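# Structural features, examined
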Amino acid sequence: FSRTASLFRSLTSTPENRNKTDHSVLRHLTSKIKSTGPISVAEYMREVLTNPVSGYYVNHDMLGPDGDFITSPEISQIFGELLGIWCVSEWMAAGRPKQFQLVEFGPGRGSLMSDILRVFSQLSAPLGGAEMSCHLVEVSPRLSKLQAQCLTGDQSQVSTNEDDPVYRRGTTTTGLPIYWYRRISDVPQGFSIFLAHEFFDALPIHIFQKTEKGWREVMVDVHPETEDKLRFVLLPSATLASSTLLQTDEKRRHVEVCPEGGVLIQQLACRIVEDGGAALIMDYGHDGVKTDTFRGFKAHKIHDVLAEPGTADLTADVDFSYLRRVAGDRVTCIGPISQRAFLKNMGIDTRLQVLLRHCQDPSNQAQLIQGYDILTNPEKMGERFQFFTLLNHRRLTTPETGEGLQKRKGPAPLPVAGFSELCLR
């Protein structure tokens, strides 16, 4: 852990350069707003987080104790191990197809994929015969380098062809081919298990407010009295977004919509229909009931989203009801259910006891127990973090065997792991 953290610090900019970058973000935004008028919250998030020169994700070590937030894979190895079992379970439920692509969006440091691959290596017998490969969708060259170090050691190469959709490739320490892409459309067709852990919550959102004149969009503008300060404003007239992104029966008076998340869900649904597979989305979220969730995080504390743009992570809870509506009836959607329920259904209690029995070091035992508590405690991540899956319709149908009068129902489909209680022995 300390080695990867120090590696990332060596990749990121120095404090002096970072301060210059942070100021340049604000200058760029104020100049843009003065030229063209207030910008949408979605455009603001896009500039602050993913601008290729000054974006937060390009210039900051956002993960771990020294960053701005910690994710579940960084808290406990059990999280990734149980997700590895989930992936294998869904592959087996699909009839053990020959091709097995594991695709992750925004892999962070690579910790989650590393834990999953360790499980795969331990389950080589049931996975025997499958042509397995790993595919990472990552827009940050810096993070891809960190992921490659974690997952391949020095066994990866960067493409010299800028038009190559695979900009980095290599072999994992467990012997699997691994590839890096900038877009899901570049990932090859084929049976795939898609994982998105704390990915959708960072996608840009539009914010809308119900008024006496109808829906109006919340925008970001320069403060009239202080040039180096930003503020939220409500446009007096409708925008294209406020006219097209909202449901006519919307009951809330303040709504956040993530159209980029909707587009990604549609792409995942199409892939699952055409090639089989499943998608598991894990994020802070709700089922269409929350209103104002847009917030910033800096040094593990809530940070004003408009203050010092480029120095803090920006996030908004995922509206799973919106994702379900966009997916339509092409796929089966299950969830959201709480992280606590999912992990307990996956057998986290049993796995914790096994690890504690094989761990003699009291400090390591305490760390395992603490990680378990953070992941499952309702007052911590247990209830706030949600799991949501997209499945091919065939996954939950009972096949028929035989013909004519001999036709009969086949075996019932396996329950979807994590979303129903497993009978562990």
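Note: the structure precedes this text.
These notes cover the structure that comes with them. (Residues numbered from 1 in each chain as written. Predicted model: local features only at pLDDT ≥ 70, side-chain atom pairs only at ≥ 80, totals over all residues. Heavy atoms only, no water.)

### Overview of helix α3 (residues 41–50)
Counting buried positions along α3 gives seven out of ten residues, so the element sits mostly inside the fold. Of the positions making up α3, those classed as buried are V41, A42, Y44, M45, E47, V48 and L49. (Buried < 20%, exposed > 50% of the residue type's maximum accessible area, 1.4 Å probe, protein only. Helix = DSSP H or I, 4+ residues; strand = E, 2+ residues; numbered from the N terminus.)

### What to know about empty space enclosed by the protein
In total, this model carries three cavities of 30 Å³ or more according to the counting rule given. Approximately 130 Å³ is the volume attributed to the largest cavity. The wall of the largest cavity is formed by F200, D201, I205, E256, V257, C258, A316, D317, V318, D319, Y322 and L323. Here the residues of the lining of the largest cavity are counted per class, giving eight nonpolar, no polar and four charged. (1 Å grid on protein atoms, 1.4 Å probe; cavity = no way out; pocket = protein on both sides within 12 Å on 5 of 7 lines; lining within 4 Å. Points joined across faces, edges and corners; volume = space filled by probe spheres on them. Nonpolar A, V, L, I, M, F, W, Y, C, P; charged D, E, K, R; others polar.)

### Overview of the packing of aromatic side chains
Counting across every chain of the model gives 13 aromatic pairs. Judged by centre distance (5.5 Å) and plane angle (40°), the ring pair of F105 and F199 falls under tilted. Taken together, the positions of F105 in strand β2 (residues 99–105) and F199 in the loop between β7 (192–197) and β8 (206–211) put the pair 94 residues apart, joining distant regions of the chain. Three or more aromatic residues joined by ring pairs form one cluster here, namely F79, Y284, F342, F385, F387 and F419. Residue placement shows R168 over the ring face of W180; its charged tip is 6.0 Å from the ring centre. (Phe/Tyr/Trp six-rings, centres within 6.5 Å; stacked < 30°, edge-to-face > 60°. Lys NZ or Arg CZ within 6 Å of the ring centre and 35° of its normal.)

### Comments concerning helix α15 (residues 362–376)
Taking 1.5 Å per residue, 15 residues should reach 21 Å; α15 reaches 21 Å between its end C-alpha atoms and fits that length. Considered for burial, the residues of α15 that qualify are L368, G371, Y372, L375 and T376. On an axial view of α15, the arc spanned by its buried residues comes to 110°, and they lie on one face. Every exposed residue of α15 that faces more than 90 degrees away from the buried side is listed here: P362, Q367 and Q370. The inward-facing, buried residues of α15 contact α5 (72–75), α6 (77–93), α13 (339–345) and α14 (348–357). (Expected span 1.5 Å × (residues − 1). Arc of directions from axis to C-beta. Contact = heavy atoms within 4.5 Å.)

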